[in-house]
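Remarks on the overall topology
Chain by chain, the residues run as shown.
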Amino acid sequence: MTDNADGALFRRIVPHQHSRVTYAELFFDLVFVFAITQISHTLLAHFTPLGALQVTLLFLAVWWVWVFTTWITNWLNPEKTPVRLLLFAMMLGGLVLSTSIPKAFDERGLWFAIAYAGMQVGKTIFLWLSTPPSRPRTRMNAMRIAVWLSVSAVFWIAGGIVEGQSRLALWAVALVIEYISPAVRFWIPRHGASSVADWMIEGGHMAERCGLFIIIALGESIVVIGATFAELAWTTENVLAFVSALVGSIAMWWIYFHVGAEAGSEQLSKSSEPGRLARLAYTYLHLPIVAGIIVAAVADELVLKHPGGHSDLKTVMSAIGGPLLFLFGTILFKLSFRGFLQLSHGAGIITLCVLAWFASELSPLMLSILTTAIMIAVAVWETVSLRSDPAE
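Residues numbered from 1 in each chain as written. Predicted model: local features only at pLDDT ≥ 70, side-chain atom pairs only at ≥ 80, totals over all residues. Heavy atoms only, no water.

Some thoughts on the environment of A146
- Within the element layout of this structure, A146 appears in helix α5 (residues 136-161).
- A relative accessible area of 6% places A146 in the buried class.
- A C-alpha to C-alpha distance of 8.4 Å links A146 and Q120, two positions 26 residues apart in sequence.
- Excluding residues within four positions of it along the chain, A146 makes contact with T124 and W128. (Helix = DSSP H or I, 4+ residues; strand = E, 2+ residues; numbered from the N terminus. Buried < 20%, exposed > 50% of the residue type's maximum accessible area, 1.4 Å probe, protein only. Contact = heavy atoms within 4.5 Å.)

Describing the nonpolar core
- Judged by nonpolar contacts, the single largest core of 110 residues is most densely connected at F32 and W156.
- Among the elements that line this core, the one with the most residues is helix α2 (residues 49-75), at 15 residues.
- Other than its neighbours up to four places away in sequence, F32 contacts V62, V65, W66, M119, F213 and I216.
- Judged by nonpolar contacts, the second largest core, of 7 residues, contains I225, F229, A241 and L304. (Core = buried A, V, L, I, M, F, W, Y, C linked by side-chain atoms within 4.5 Å.)

Notes on unusual backbone geometry
- With phi around 55°, R185 is a residue other than glycine that occupies positive phi space.
- For F186, which is not glycine, the phi dihedral falls at a positive 55°.
- Looking at the secondary structure, you find F186 in the loop between α6 (165-180) and α7 (203-230).

A few points about the packing of aromatic side chains
- Tallying each qualifying case throughout the model produces 24 aromatic pairs.
- With 3.8 Å between their ring centres and 25° between their planes, W64 and Y179 make a pair best called stacked. With W64 in helix α2 and Y179 in helix α6, this pair connects stretches of sequence that are 115 residues apart. Across the pair, exposure class does not vary: W64 and Y179 are buried alike.
- On the basis of an interplanar angle of 15° and a centroid distance of 5.7 Å, the ring pair of Y256 and F333 is categorised as stacked. One end of the pair, Y256, is in helix α8 (residues 236-270); the other, F333, is in helix α11 (residues 313-338), and 77 residues separate them in sequence.
- The buried category is assigned to Y256, whose relative accessible area is 1%.
- Members of the aromatic cluster, joined through ring pairs, are W253, W254, Y256, F257, Y282, F333 and F337.
- Between R20 and the ring centre of Y23, over which it is positioned, the NZ or CZ distance is 5.5 Å.
- Across the ring face of F10, the terminal group of R135 is positioned such that the distance to the ring centre comes to 4.7 Å. (Phe/Tyr/Trp six-rings, centres within 6.5 Å; stacked < 30°, edge-to-face > 60°. Lys NZ or Arg CZ within 6 Å of the ring centre and 35° of its normal.)

Encoded structure:
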């Protein structure tokens, strides 16, 4: 893509040259720092089967609106004033969306639905209108996306109007529509599906944007750890819980960023089909990674507040489930570009499953220390194995 009258708002993609993330995109991401905080606090307040299901749905929506915006700003250039204004408008919608999260299944459901549908459909129509007729395939791709998102918007708004289980069901349908749409390449009647060529992206930019979202999630966990610890009496147990939580977050950072993030970015930049790889590795497989960090942050707060005694079901599920989701996501993410399952991650997943069998007999503090030790072991094992044999 060239930056001229034929596509004045489009990002200029130069082969083997990485496009930097702009300050406007980083500013836009601040809204999602708040959204992730809202998600974790809502999960902590509604840690029941129904509550977990509702929060999962809300998290899927938050991730999807963010990652779709990332695709848009990979095609369009945020340094251009109209695109920058689009991001600012999206920030307004994102704040309405985020503030509605705690009561999305109560009185603010319609606000959540309007904000979400408006963001999704609005930015796609902007892409459509920004694409000149001289780019028919790109324009048609935008139209296909707009059709799918418009259909899902009907279910979002309908769900916001009704209450109870009907809202949950309608929003679930809306999410299914949106999540399957890239997999079927936005097929619509008469016009068919998009081709791989329609999904050309700047790989380095996409990888960096998703890496920054991981930082957002990890940053939220650090805020939870610090804010919770600051309100507590600094006993030996609380200090140990604080150190364990922080080291656990560092281990997650190491597992994702030390080798995986850079290798994924390099592979995406070199891929002959970067759109296909980005759809799998970054659009879908980053979901469990981010979810794992959020759930682990919930566990950190629970352990910091109640480090002694036996671990209840809420503590066990979050302390084990968070790292488990994270490792499950990272092993699949690295498989997508390495072509093999990372043995260290598989061993960590198995060890966490074994630990779950007797976790309720442990104190929350001991459970936190053991899960952190497992994550450290995974990070060290991967670092050593790839240093000695990059093909492992």
